[in-house]
Amino acid sequence: MAGVAGAAVDLVAEEVVVAAAGVAAAATAVVGVAAAVEVVVGGARVVATRPPAAAGDRPSTPRNVTWIGPGTCCSARFLWYRVPAMRGPGPIQRAVAHLAVYAIALSMLAPFAWMVLTSLKTDQEVLSGTASALPSGPPWRWRWQNYTDALVGARLGEYYLNSLVAAVLTTILAGFHNALAGFAFAKMRFRGRRVIFAVTIATMMMPVQVCFIFAYLIAGRLGFIDNMQALVVPFLASGFGIFYMRQAVSLVPDSLLDAGRIDGMTDFELFWTLVRPTVWPAISALAIFTFVGSWNSFFWPLIVIDSAGRKTLPLGVAELATGRLVLSWPTRMAAATLITLPLIIVFMVFQRAFVRGIALTGVKE
Amino acid sequence: MRPRRSTLAGAVLAVLTAAVVLWPAADAVTGERTLLFTVWGMPFEDLLFRDRYARGFEAAHPGVRVNYQRYADDIIMKYNAWHARGRGADVMRLRITDYHGMAARGMLRRLDMADDGTTRLTDDELAAIPRHLVSLLWTDGPQGHGVYALPQDNAPYGLFYNARIIREHNRLHPDRPVETPSGAWTWDDLRRAARQLTRKDARGNVEIRGIDFAVWSWPFLTFFAQAGGTLWTPDGSDCLIDSPAGVEALEFMRAMSREDGSFIPQLSGYLSGTGPDVLFARGRTALFLDGSWRIADFDRNAPDLEYAVVPLPRGPERLGGRAAVVSGCVLWAVSANAAHPEDGISMVRWLTRAEQAIDYWDTLRVAPPANLSAIGSEAFRSTRGILKDPSDPALGYEVAPMPRERFESRAAWIIQTITPDPLTGTVPAFVPVGRFQTELEEEIVRMLNEYLNESNTKPAHEVLGRAARNVRAIMRRGESDGRIP
């Protein structure tokens, strides 16, 4: 809580009654911001405290915490630092700031608007020197046929399905495997852990183009050529994903896991019951990265997919841009709109978790 | 005892992972005589490659099936990957810039001679290939010095002009008219016309560009050749762009830009559909240098554009007035790893016959076929194009047709580019190739971006010298990996 640093602060108490497991999670969540957490279980009082942060200090883990098993009701009392109220900007400043923000946002939307509007024009309109931003005529006379041309004529509808299946499968399975591996590297002690992790990190340093022939040869030996496995299996775990999840899981206090172990949980139960909900924002952020990566992937599918019926969307869009002969910008823009749409939807759905995930992994315990 | 939720979730995900990894792969299309036929192109090009070529070969050769596969532009990466796994297409389409390297690396099968030493290609087949392409086909490979691919087309650069702009200029300035461009023009004619046709408004902003072209390697290579330059030493061991011809070419381009103000270079390389071609299509450019592939594009997207194409101008008279036209070429080849090489070779020869060459021109009209009898035939003088939807002609054309009456303005110039020049006796068209051609052309683009930049003060010989040094450095590095024998 950077705003606290160096400011005159006092403490405010907030008392809540939660289930014990909730206390554990809540305490974990407030470690970074609360001055203290006081848990009362069956009349016994346990207090975790942290001194006010000085400028530049990082939050520390509360000490003197006794964790309690699930099913026990208790009350928790959080003592918060009260931050002196700051004077907000005046109405004019706010209006100017809002205008600036909207202007920047609009400038970023402009290419998307151009893409969508061009996708509804005729070829002649696009090249006409007198063309306006909008397609000519009322909306029902715009050339919606371009979308049919892209989906049916260029088989993008078929490729859409292939891309969707590959991206969803990769996202679910990679999220699971990366989180599991991150948990192992962050919280389990085993021989060679550092070396294996270093090797995992090293894979991030190599661009895919460097090793694609070797990857292709291995995929060929395993039979992962020209099928769905070719698009999914090589990405079931990644150096970046494991590193990212290891950073997220390392923020989970060991004491939380110790409490789980006392409760008799297995390692997988610790991961599933305690770690997974805690690092969910990071998993969501990684899911977005993975989905976008799989959805936009061009180079690997180009190499491993041979048959037309198994191609993915980026390959189909690339075909629309192939050659220097006849180009249909409206059809290409329709294809670009179709390929962009799912990414926008995924980002909007996971937006909040994505931002939290980024923020979470940027903070160390 | 009920299993815990975490155990169930873990089991489901483990089973899903196992299913994805272990799911049996469906067999690809195979058969005793199924040929793998690979091309790059856009979806509508299936109408030629799949419907006419693949199905046509099957019809002509009972018992043979053709597994047609179309990819995007980056098909060379696929060829490389396949070769690494010991597989390859029975018939493959490739660019001439990739050809010599692929042959040298043992990726292609020799076509002109069988393993037992018997000759395969007939004299008639070789005689049908335009003269400037024949010498390029002979290259070194594991099966010796021979022909490892046959050409499909020959795409030349030309001079496009907007007839309406010239007519309007001549109406407004009868005292200094601009002649209709022709293959007899020299650099001086081109520069003068571009200067005259440039139109500015009252504030000095350019309304009509006198001349325009994409700033990439081909225009430079054209002017360089017209000034008498040769790119490589005969053995290919050195690059010669820093010769006086290079200086002439660069200074000619900059003179049109800086002294005349008729050329405003867009320093962004070759842009398709967003570069100078759009300004020409919109009637904002009088003279435009580009390839034969633009013509069908303009005919479809700018039907009201009144334009024609003529051969590129000759070099300056003081340098001999040499005619030179840079061209590209696409080839048919058989992979060294082809499953059915003899059938593949048979199909390549079938594809390069006049009938198939005419089909190519009739449908796509990208570039003239590399078959002299096809170019000389009446069928070359008009094309039918491709309808967007054959069941509904009202939807218009994917590739515009070329009626007979448009032959003179659209395609007659192509014949001149492959006909020996009466002045020199040599064919103007040339295809720039070399072991390090790609690297050289990348250096040329960098050099042009620097030299034609408004703020540049460096002389031509200096930027040329650096480009040549860079190419030589790349060549020296290439020696170590065996790219120079």
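Everything below is about the structure shown above.
Report follows, based on the coordinates. (Residues numbered from 1 in each chain as written. Chains lettered and ligands numbered in written order. Predicted model: local features only at pLDDT ≥ 70, side-chain atom pairs only at ≥ 80, totals over all residues. Heavy atoms only, no water.)

### Quick word on the overall build of chain A
(1) Moving on: Within chain A, the regular secondary structure consists of 15 helices and four strands.
(2) Moving on: Classification of the 365 residues of chain A by burial places 44% in the buried group.
(3) Moving on: When contacts within chain A are restricted to residue pairs at least 6 apart in sequence, those whose partners lie at least 24 apart make up 76%.
(4) Moving on: Accessible surface computed for chain A: about 18700 Å², of which carbon and sulfur atoms make up 67%. (Helix = DSSP H or I, 4+ residues; strand = E, 2+ residues; numbered from the N terminus. Buried < 20%, exposed > 50% of the residue type's maximum accessible area, 1.4 Å probe, protein only. Contact = heavy atoms within 4.5 Å. Areas by Shrake-Rupley, 256 points an atom, 1.4 Å probe, with all protein chains shown as cover.)

### Some words on the environment of Arg-155 of chain A
Residues and elements named next belong to chain A.
(1) Moving on: By the element assignment, Arg-155 lies in the loop between helix H4 (145-153) and helix H5 (156-187).
(2) Moving on: Separated by 158 residues in sequence, Arg-155 and Leu-313 place their C-alpha atoms 9.2 Å apart.
(3) Moving on: With residues up to four places along the chain from it excluded, the contact list for Arg-155 reads Ala-150, Ala-308 and Gly-309.
(4) Moving on: A polar side-chain atom of Arg-155 sits 2.8 Å from a polar atom in the side chain of Glu-158. (Polar contact = N/O pair within 3.5 Å; in protein donor to acceptor, adjacent residues only side chain to side chain.)

### Concerning the packing of aromatic side chains
Residue and element names in this part refer to chain B.
(1) Moving on: As enumerated under the stated definition, the model contains 46 aromatic pairs over all chains in all.
(2) Moving on: Between the NZ or CZ atom of Arg-87 and the centre of the ring of Trp-82, over which it lies, the distance is 4.4 Å.
(3) Moving on: Taking the ring centre of Tyr-307 as reference, the NZ or CZ of Arg-410 above it sits at 3.9 Å. (Phe/Tyr/Trp six-rings, centres within 6.5 Å; stacked < 30°, edge-to-face > 60°. Lys NZ or Arg CZ within 6 Å of the ring centre and 35° of its normal.)

### A word on the packing of helix H8 (residues 187-197) of chain B against helix H10 (residues 244-259) of chain B
Residue and element names in this part refer to chain B.
(1) Moving on: Put simply, H8 and H10 touch, their axes get as near as 10 Å, and they point 15° apart. Looking at the two axes, H8 sits roughly parallel to H10. When you trace H8 past H10, the crossing you get is right-handed. Residue-level inspection shows Trp-187, Leu-190 and Arg-191 of H8 in contact with H10, the latter providing Glu-248, Ala-249, Phe-252, Ala-255, Met-256 and Glu-259.
(2) Moving on: When grouped by side-chain class, the residues that make up the contact of H8 with H10 number six nonpolar, no polar and three charged. (Axes fitted to C-alpha atoms, helices over the stretch in contact; angles between N-to-C directions. Parallel < 35°, antiparallel > 145°, perpendicular 65-115°, else oblique. Left-handed = near helix turned anticlockwise from the far one by under 90°. Nonpolar A, V, L, I, M, F, W, Y, C, P; charged D, E, K, R; others polar.)

### Digging into the interface of chain B and chain A
(1) Moving on: Counting residues at the interface gives 56 residues for chain B, matched by 53 residues for chain A.
(2) Moving on: For the pair chain B and chain A, the summed buried area comes to about 4600 Å², and 62% of that belongs to carbon and sulfur atoms.
(3) Moving on: Looking at the side of chain B facing chain A, the largest losses of area belong to Val-20, Met-42 and Arg-85 of chain B, adding up to 13% of the total buried there.
(4) Moving on: The residue Arg-87 of chain B makes a salt bridge to Asp-306 of chain A at a minimum N-O spacing of 2.9 Å.
(5) Moving on: The tally of links between chain B and chain A comes to 11 residue pairs in polar contact (both at pLDDT 80 or more).
(6) Moving on: The set of elements that each furnish at least two residues to the side of chain B that touches chain A consists of helix H1 (5-22), strand E2 (65-71), helix H3 (75-84), helix H11 (276-281), helix H12 (294-301) and strand E15 (397-399) of chain B.
(7) Moving on: The greatest single-element share of the side of chain B that touches chain A, amounting to 11 residues, is contributed by H1 of chain B.
(8) Moving on: In terms of residue class, the side of chain B that touches chain A is made up of 30 nonpolar, 11 polar and 15 charged. (Buried area = accessible area lost by both parts, 1.4 Å probe. Salt bridge = Lys/Arg side-chain N within 4 Å of Asp/Glu carboxyl O.)

### Some details on the nonpolar core
(1) Moving on: Membership of the largest hydrophobic core comes to 191 residues, with the highest contact counts inside it found for Phe-37, Phe-220, Ile-241 and Leu-287 of chain B.
(2) Moving on: Looking at this core element by element, the count peaks at 11 residues for H5 of chain A.
(3) Moving on: With residues up to four places along the chain from it excluded, the contact list for Phe-220 of chain B reads Ile-241, Gly-246, Ala-249, Leu-250, Met-253, Ile-444, Met-447, Leu-448 and Leu-464 of chain B.
(4) Moving on: Core analysis: the second largest hydrophobic core is formed by 24 residues, Phe-280, Ala-281, Met-402 and Phe-407 of chain B among them. (Core = buried A, V, L, I, M, F, W, Y, C linked by side-chain atoms within 4.5 Å.)

### Describing a nonpolar patch on the surface
All names here are of chain A.
(1) Moving on: The grouping of Leu-106, Leu-109, Phe-112, Ile-344 and Met-348 at the surface amounts to a nonpolar patch, some 500 Å² of accessible area in total.
(2) Moving on: Going through the elements one at a time, helix H2 (91-118) and helix H15 (329-361) are the ones with two or more residues in the nonpolar patch.
(3) Moving on: Considering every element that reaches the nonpolar patch, the biggest residue donor is H2, with three residues.
(4) Moving on: Relative to the helices and strands, Leu-106 is located in helix H2. (Patch = residues over 30% accessible without salt bridge, like charges linked within 9 Å, V, L, I, M, F, W, Y side chains within 5 Å.)

### Notes on the sheet that holds strand E6 (residues 149-151) of chain B
Residues and elements named next belong to chain B.
(1) Moving on: Spatially, the five strands line up as an open sheet ordered E2-E1-E3-E13-E6, and their pairing is mixed. The sheet is open, and its two borders are formed by E2 and E6, each paired with just one other strand. Across the sheet, the mean angle from the axis of one strand to that of its neighbour is 25°, orientation sign disregarded.
(2) Moving on: Of the pairings in the sheet, the one linking strand E3 (residues 91-95) to strand E13 (residues 330-333) comprises four bridges and is antiparallel in character. Paired with Arg-95 across the strands is Val-330, a residue of E13.
(3) Moving on: Packed onto the sheet, helix H2 (residues 46-60) meets strand E1 (34-40), E2, E3 and E13 and runs at close to 165° relative to E2. (Pairing = 2+ DSSP bridges.)

### Details of the pattern of salt bridges
(1) Moving on: Per the counting criterion, the structure on display carries 42 salt bridges over all chains.
(2) Moving on: In this structure, Arg-472 of chain B and Asp-238 of chain B form a salt bridge, with 2.8 Å as the shortest nitrogen-oxygen distance. Here Arg-472 of chain B is found in helix H19 (residues 460-480), whereas its partner Asp-238 of chain B is found in the loop between helix H9 (217-226) and H10, with 234 residues between them in sequence.
(3) Moving on: Look at Asp-238 of chain B and you get partly exposed, because its relative accessible area is 24%.
(4) Moving on: Through salt bridges that share partners, Lys-311 and Glu-319 of chain A together with Asp-46, Arg-50, Asp-51 and Arg-70 of chain B make up one connected network.

### What about the side chain of Gln-152 of chain B?
Residue and element names in this part refer to chain B.
(1) Moving on: Mapping Gln-152 onto the fold places it in the loop between E6 and strand E7 (155-162).
(2) Moving on: The exposure class assigned to Gln-152 is buried, which follows from its relative accessible area of 6%.
(3) Moving on: Side-chain polar atoms of Gln-152 contact the side chain of Arg-93, separated by 2.8 Å.
(4) Moving on: In contact with Gln-152, other than residues within four places in its own chain, are Phe-49, Tyr-53, Arg-93, Val-330, Leu-331, Trp-332, Tyr-360, Pro-369 and Ala-370.

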